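A look at the structure
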Amino acid sequence: KAGVTQTPRYLIKTRGQQVTLSCSPISGHRSVSWYQQTPGQGLQFLFEYFSETQRNKGNFPGRFSGRQFSNSRSEMNVSTLELGDSALYLCASSLGGRGTDTQYFGPGTRLTVL
Amino acid sequence: GQNIDQPTEMTATEGAIVQINCTYQTSGFNGLFWYQQHAGEAPTFLSYNVLDGLEEKGRFSSFLSRSKGYSYLLLKELQMKDSASYLCAIVYSSASKIIFGSGTRLSIRP
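Basis of the calculations
Residue numbers restart at each chain and count upward from 1, following the sequence in its written direction. Ligands are numbered from 1 and chains lettered from A, in the order in which they are written. Per-residue local features are limited, in this predicted model, to residues with pLDDT of at least 70; the limit for side-chain atom pairs, both in listing and counting, is 80 or more; totals at the level of whole chains, interfaces and linings are taken over all residues. The side-chain figures draw on all heavy atoms in the structure; neither hydrogens nor water molecules are used. Runs of H or I in DSSP of at least four residues are treated as helices and runs of E of at least two as strands, each being numbered from the N terminus. Our radius of gyration is a C-alpha quantity, and the globule rule it is checked against amounts to 2.2 Å times the number of residues to the power 0.38. Residue exposure (1.4 Å probe, protein chains only): buried if accessible area is under 20% of the type maximum, exposed if over 50%, otherwise partly exposed. Only heavy atoms matter for contacts: two residues are in contact if any of them lie within 4.5 Å across the pair. The accessible surface values rely on the Shrake-Rupley method and a 1.4 Å probe; as for residues, cover is taken only from the protein chains in view. By the counting scheme adopted, Arg and Lys are positive, Glu and Asp are negative, and His together with the chain ends is not counted. To locate a charge, take atom NZ for lysine, CZ for arginine, CG for aspartate or CD for glutamate. The salt bridge definition used is simple: a Lys or Arg side-chain nitrogen within 4 Å of an Asp or Glu carboxyl oxygen. Any residue outside Ala, Val, Leu, Ile, Met, Phe, Trp, Tyr, Cys, Pro, Asp, Glu, Lys and Arg is labelled polar, Gly included; the first ten of those are nonpolar and the last four are charged. Polar contact is defined as a pair of N or O atoms within 3.5 Å, subject to the rule that within protein one atom must be able to donate a hydrogen and the other to accept it, and that residues adjacent in sequence are counted only when both atoms are side-chain atoms. Counting rule for disulfides: a pair of cysteine sulfur atoms within 2.5 Å. Strands are labelled as partners when DSSP assigns at least two bridges between them.

1. What about the overall build of chain B?
When its secondary structure is counted, chain B shows zero helices and 11 strands. When the helices and strands of chain B are read in sequence order from the N terminus, they spell out β-β-β-β-β-β-β-β-β-β-β. Against the globule reference of 13 Å for 110 residues, chain B gives a C-alpha radius of gyration of 13 Å, in line with a compact fold. In terms of principal-axis extent, the alpha carbons of chain B reach across some 45 × 30 × 20 Å. Burial analysis of chain B (110 residues in total) assigns 48% to the buried set. When contacts within chain B are restricted to residue pairs at least 6 apart in sequence, long-range pairs at least 24 apart make up 55% of them. A total of about 5,300 Å² of accessible surface is found on chain B, and carbon and sulfur atoms cover 47% of it. Side-chain charges in chain B split into 9 positive and 9 negative, and the spacing between the mean points of these groups amounts to 3 Å.

If you want it as structure tokens, here you go:
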């Protein structure tokens with residue numbers, strides 16, 4: 001069974017631009033969660049989608065948004081990029097979306113904002 | 001509260017045993033995950049504890065005490081490939097939201 005895939009793997013943008021990241025979960029998984037990972041802050045929860053609905057949200061500004069499609073694929077969008085948005089963005093999928101389900105992480109998208 | 005505390009860095013010797021602690025202050029606790037993350041790679045699942053006690057999986061074991069808000073990951077017969085960050089993560093009972101600790105960077109020396 002294929003794992004979680006994320007595209008693109010690397011991205012360089014400039015301040016003020018917007019970016020869209022994509023995540024394809026493991027087949028059969030209906031929950032997708034997004035995380036931001038930086039050396040200083042560790043792994044920070046952004047939001048979680050289940051059956052095309054945002055079920056949980058972390059403490060990030062409204063510039064960060066996402067959506068999930070009927071095939072469970074998810075996209076994350078960041079508008080008006082800031083230097084501090086440079087980070088590794090990880091998505092994780094799980095089977096039924098209960099908190100106790102194991103999350104499987106994708107390889108991440110490394111975003112650099114110049 | 002949602003504070004999760006782990007040591008930032010630890011060093012151990014190949015072949016030895018190391019214990020990585022995690023303490024948490026949270027209401028609605030419903031379970032605790034341990035993940036391993038090698039540099040430049042995604043986190044991978046190691047263990048999940050929801051009941052008190054020790055769960056053993058080969059060289060890795062994870063312990064949980066719900067009343068004390070305490071868990072540890074025990075790594076035996078350390079190998080160089082065990083050099084990685086180890087992340088403790090708490091699950092809330094009312095949602096699928098998971099809070100990760102900052103991780104413990106473990107370095108193994110020959």
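2. A few points about the interface of chain B and chain A
Contact with chain B, which involves 15 residues of that partner, is made by 19 residues of chain A. At the boundary of chain B and chain A, one finds zero salt bridges. At the level of secondary structure, the elements contributing two or more residues to the side of chain B that touches chain A comprise β4 (29–37), β5 (44–49), β9 (84–92) and β10 (98–100) of chain B. Per-class residue counts for the side of chain B that touches chain A are 11 nonpolar, three polar and one charged.

3. Considerations on the side chain of His-29 of chain A
All names here are of chain A. With respect to the secondary-structure elements, His-29 resides in the loop between β3 (19–24) and β4 (31–38). Here His-29 falls in the buried class, since its relative accessible area comes to 8%. A polar atom in the side chain of His-29 sits 2.8 Å from the side chain of Ser-93. Among residues more than four places away in sequence, those in contact with His-29 are Ser-72, Ser-93, Ser-94, Leu-95 and Tyr-104.

4. As for the state of the cysteines
Considering all chains together, one arrives at two disulfides over all chains under this definition. Paired by a disulfide, Cys-23 of chain A and Cys-91 of chain A hold their sulfur atoms 1.9 Å apart. Taking the sign of the S-S torsion, about 70 degrees here, the bridge from Cys-23 of chain A to Cys-91 of chain A comes out right-handed. You can see Cys-23 of chain A sitting in strand β3 and its partner Cys-91 of chain A sitting in strand β9 (residues 87–94), a full 68 residues away along the chain. A single burial state applies to Cys-23 of chain A and to Cys-91 of chain A, both of which are buried. Across the disulfide, Cys-22 of chain B is cross-linked to Cys-88 of chain B (sulfur-sulfur distance 2.0 Å). Note on the Cys-22 of chain B and Cys-88 of chain B pair: the S-S dihedral is about -65 degrees, so by sign convention the disulfide is left-handed. Here Cys-22 of chain B, found in strand β3 (residues 18–25), pairs with Cys-88 of chain B, found in strand β9; they are 66 residues apart in sequence, far enough to count as distant. With respect to burial, Cys-22 of chain B and Cys-88 of chain B carry one shared label: buried.

5. Side note on the pairing of β4 of chain A
Residues and elements named next belong to chain A. The buried fraction of β4 amounts to eight of the eight residues, a majority that puts the element mostly inside the structure. The two faces of β4 match: Ser-31, Ser-33, Tyr-35 and Gln-37 on one face and Val-32, Trp-34, Gln-36 and Thr-38 on the other face are all buried. Between β4 and the antiparallel strand that follows it, strand β5 (residues 42–50), lie three residues. When β4 meets β9, the two strands line up antiparallel, connected through seven bridges. Residue pairing in the sheet places Gln-36 in a bridge with Tyr-89 of β9.

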